Amino acid sequence: MKRLLGNFVFDIFMAIIFVALGVLMLPIFPIGRVVISILAALLVVAYMVIFLTKKIEKARSVYFIALLIEFVLMALLALGLILKQFNLFGFAAICQFAGAALWIGSTVSLLGERFSTAKVTKRRALITFFIDVLLLSFGTVLMFKPFIGDEALLWIFSVSAFILTLGFVFLAIVFAPRKNGEK
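The structure presented is a predicted model; accordingly, all values stated were derived computationally and were not measured.

K.L.:
Sorry if this is basic, but what is going on with the packing of aromatic side chains here?
P.N.:
Two numbers describe a pair of aromatic rings. These are the distance of the centres and the angle of the planes. Throughout the structure, instances matching the rule amount to five aromatic pairs. Ring centres 6.2 Å apart and planes at 80° place the aromatic pair Phe10 and Phe168 in the edge-to-face group. Separated by 158 residues along the polypeptide, Phe10 in helix α2 (residues 8-24) and Phe168 in helix α7 (residues 150-174) bring together distant segments of the chain. Both residues of the pair, Phe10 and Phe168, belong to the buried class. Among the aromatic side chains, those forming a connected cluster through ring pairs are Phe10, Phe18 and Phe168.

Printed below as a string of structure tokens:
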């Protein structure tokens with residue numbers, strides 16, 4: 001990765017990509033809402049592929065069934081995020097989808113702790129229990145009373161893309177090819 005970031009052409013290319021993404025994500029363009037919905041759906045699918053499949057392979061009994069249900073519900077959430085543009089669901093904001101994903105994940109995690117056969121210390125079990133309860137509560141709040149709207153998310157992603165652009169422009173300047181004899 002270090003070698004790739006030190007490549008002048010790669011840095012310029014990434015700066016151009018992030019400028020275009022930052023401009024598209026501005027709330028004045030309607031395509032930004034579509035892009036952010038698709039990015040959120042890709043994040044849910046990545047969670048399913050990277051984490052859930054590994055958990056499903058290791059799980060047994062009731063926890064296995066709960067993980068399969070979580071997998072199906074997360075797939076439905078990803079589909080809902082993609083179909084969000086057509087107003088087919090009661091969820092209006094991406095924040096509500098994130099709340100539903102947190103709620104589903106933490107509920108299944110609580111079930112996994114309850115039916116787990118692994119030996120875990122009492123302190124670790126208590127800490128993970130409190131974290132899961134906090135995530136469950138936060139997911140419920142996000143699902144039923146979202147406090148981050150789609151427009152705020154668009155601004156956050158747009159500003160983040162412009163900051164990444166500045167970083168890649170800086171790297172391009174630092175690693176620009178020099179004329180012979182210059183340091």
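Moving on, there is more to tell.
K.L.:
Would you mind showing me how to read the environment of Asp132 here?
P.N.:
For Asp132, the position within the fold is in helix α6 (residues 122-144). On the basis of relative accessible area, Asp132 is assigned to the buried category, the value being 7%. As for Asp132 and Leu110, which are separated by 22 residues in sequence, their C-alpha atoms are 6.5 Å apart. Ignoring anything within four residues of it in the chain, the contact list for Asp132 reads Ser106, Ser109, Leu110 and Glu113.

K.L.:
Any chance you could explain the side chain of Ser158 here in plain terms?
P.N.:
Along the chain, the position of Ser158 falls in helix α7. You can call Ser158 buried: its relative accessible area is 1%. Look past the residues within four positions of Ser158 in its chain and what remains in contact with it is Gly22, Met25 and Leu26.

K.L.:
Teacher, can you tell me more about the nonpolar core here?
P.N.:
Across soluble globular proteins, nonpolar side chains have a tendency to be buried as a group. Ile36, Val44, Leu67, Met74, Leu77, Leu81 and Ile94 are the most contacted members of the largest nonpolar core, which totals 25 residues. Among the secondary structure elements, those contributing two or more residues to this core are α3 (31-58), α4 (61-82), α5 (94-114) and α7. Every residue in contact with Leu67, bar those within four places of it in the chain, is listed here: Leu52, Lys55, Ile56, Ala59 and Val108. The next biggest cluster of nonpolar side chains, apart from the first, holds six residues, and it includes Phe10, Met14, Ala161 and Phe168.

K.L.:
Is there a simple way to think about a nonpolar patch on the surface in this case?
P.N.:
Together, Phe64, Ile65, Leu68, Ile69, Val72, Leu73, Leu76 and Leu79 make up a nonpolar patch on the protein surface, roughly 680 Å² of accessible area in all. Tracing the sequence through the fold places Phe64 in helix α4.

Cut-off values and rules
- Residues numbered from 1 in each chain as written.
- Predicted model: local features only at pLDDT ≥ 70, side-chain atom pairs only at ≥ 80, totals over all residues.
- Heavy atoms only, no water.
- Phe/Tyr/Trp six-rings, centres within 6.5 Å; stacked < 30°, edge-to-face > 60°.
- Helix = DSSP H or I, 4+ residues; strand = E, 2+ residues; numbered from the N terminus.
- Buried < 20%, exposed > 50% of the residue type's maximum accessible area, 1.4 Å probe, protein only.
- Contact = heavy atoms within 4.5 Å.
- Core = buried A, V, L, I, M, F, W, Y, C linked by side-chain atoms within 4.5 Å.
- Patch = residues over 30% accessible without salt bridge, like charges linked within 9 Å, V, L, I, M, F, W, Y side chains within 5 Å.
- Areas by Shrake-Rupley, 256 points an atom, 1.4 Å probe, with all protein chains shown as cover.
- Salt bridge = Lys/Arg side-chain N within 4 Å of Asp/Glu carboxyl O.

Read these as layout, nothing more, since geometry by itself doesn't imply function.
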